[in-house]
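Read off the chains here:
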Amino acid sequence: SQVIGKHDQPVRCMKWLSELNCLATGSWDKTIRLWDCRQPNPALTLQLGEKVYTMDGAGKILVCTTADNQIHAWADLSTQQKFTYKSPLKYQARSLSLFADREGFAVGCIEGRVAIEYFSEISQKANNPNPPRGASTRSFVFKCHRDTSTNDIYSVNAIHFHNQNTFLTAGGDGCMAWWDKDARSRVATRDLYKGK
């Protein structure tokens, strides 16, 4: 094993960015650092206002959520153009995943909701946090991982997209659900095996 670098606080998430040949690490020290594994110092440090809770990236795209309920998105890390806006979810983010086609991402929270966000719309959100009612948008929020018989709500612990832009959510209720993002519908639900 080899130590490639360190943060001043715990590291919360990591993502290998193959097109940039570097490792991105998000930390509670309020930074994201990009590491060239051949050098001891970070190739790039991105300063944030709060602790990093979730992160995902692909190509030159990087997205993260922070403790102050903000979403930070870099559409191209080489230019470092960043969009920051308030998450449409009211509670702490727990999971984040880019679409397979890289046109947007999904964020899951501890309150059993998922937000579907498109990069084509985030510049408007960053510039106008209170869009007019009835504004046309492809982004949306939906409820999941809930037990209607007991009114229990579970966190969305993981999100994973497939090539057809269907995706899977795994919740604190021990269930996995498959979703069709474009049809805005659930495809199937599967309870995890529970021993006797």
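Fair warning: this is a prediction, and the values are worked out from it, not measured in the lab.

Rules of the game
Residues numbered from 1 in each chain as written. Predicted model: local features only at pLDDT ≥ 70, side-chain atom pairs only at ≥ 80, totals over all residues. Heavy atoms only, no water. Helix = DSSP H or I, 4+ residues; strand = E, 2+ residues; numbered from the N terminus. Buried < 20%, exposed > 50% of the residue type's maximum accessible area, 1.4 Å probe, protein only. Contact = heavy atoms within 4.5 Å. Pairing = 2+ DSSP bridges. Axes fitted to C-alpha atoms, helices over the stretch in contact; angles between N-to-C directions. Core = buried A, V, L, I, M, F, W, Y, C linked by side-chain atoms within 4.5 Å. Salt bridge = Lys/Arg side-chain N within 4 Å of Asp/Glu carboxyl O.

Q: Explain the side chain of Asn 69 to me, please; I cannot follow it from the model alone.
A: By secondary structure assignment, the location of Asn 69 is in the loop between β6 (61-66) and β7 (70-76). Classification of Asn 69 as buried rests on a relative accessible area of 13%. Not counting the four nearest positions on each side in its chain, Asn 69 is found in contact with Tyr 85, Lys 86, Ser 87, Leu 89, Lys 90 and Tyr 91.

Q: Teacher, can you tell me more about the sheet that holds strand β16 (residues 166-171) here?
A: The strands making up a sheet associate through backbone hydrogen bonding, with each pair oriented either parallel or antiparallel. With respect to topology, four strands assemble into an open sheet ordered β15-β16-β17-β18, the strand pairing being antiparallel. Taken across any chain shown, the strands that pair with only one partner, and hence form the sheet edges, are β15 (156-161) and β18 (185-191). Across the sheet, the mean angle from the axis of one strand to that of its neighbour is 20 degrees, orientation sign disregarded. Here β16 pairs with strand β17 (residues 175-180) via five bridges, running antiparallel. Counted as the bridge partner of Phe 167 is Trp 179 from β17.

Q: Looking at this structure, how should I read the nonpolar core?
A: Grouped burial of nonpolar side chains is what soluble globular proteins tend to show. Within the largest apolar cluster, 17 residues are counted, with the highest numbers of intra-cluster contacts made by Val 63, Ile 71, Leu 98, Phe 105, Val 107, Phe 119 and Ile 122. Taken together, the elements giving at least two residues each to this core come down to β6, β7, β8 (81-86), β9 (93-98), β10 (104-109) and α1 (119-127). Residues contacting Phe 105, with those up to four places away along its chain left out, are Val 63, Ile 71, Tyr 85, Ser 97, Leu 98, Phe 99, Ala 115, Ile 116, Glu 117 and Phe 119. Residues Cys 13, Ile 32, Val 52 and Met 55 belong to the second largest nonpolar core, which totals 15 residues.

Q: Help me understand the sheet that holds strand β12 (residues 140-143), please; the structure alone is not making it clear to me.
A: Here we have four strands laid out as an open sheet, ordered β9-β10-β11-β12, and antiparallel in their pairing. Each having just a single partner strand, β9 and β12 make up the two edges of the open sheet. Between one strand axis and the next, the sheet turns through 20 degrees on average, direction left out of account. Here β9 runs beside β10; their pairing, made up of five bridges, is antiparallel. Bridge pairing in β10 links Ser 95 to Gly 108. The strands touched by α1 are β9, β10 and β11 (113-118); relative to β11, the strand with the most contacts, the crossing angle is about 95 degrees.

Q: Looking at this structure, how should I read the pattern of salt bridges?
A: Two side chains carrying opposite charge are able to pair once their charged atoms lie near each other. Inspection of the entire model under this criterion finds nine salt bridges. Between Lys 125 and Glu 117 there is a salt bridge, and its shortest N-O distance comes to 2.8 Å. The class for Lys 125 is partly exposed, based on a relative accessible area of 22%. Of the charged contacts, one joins Asp 182 and Lys 181 as a salt bridge, the two residues approaching to 2.7 Å between their closest N and O atoms. On the accessibility criterion, Asp 182 (56% relative accessible area) is exposed. By relative accessible area, which is 4% here, Lys 181 ends up buried. Salt bridges here are not isolated pairs; linked through shared partners, they connect Glu 111, Arg 113 and Arg 146.

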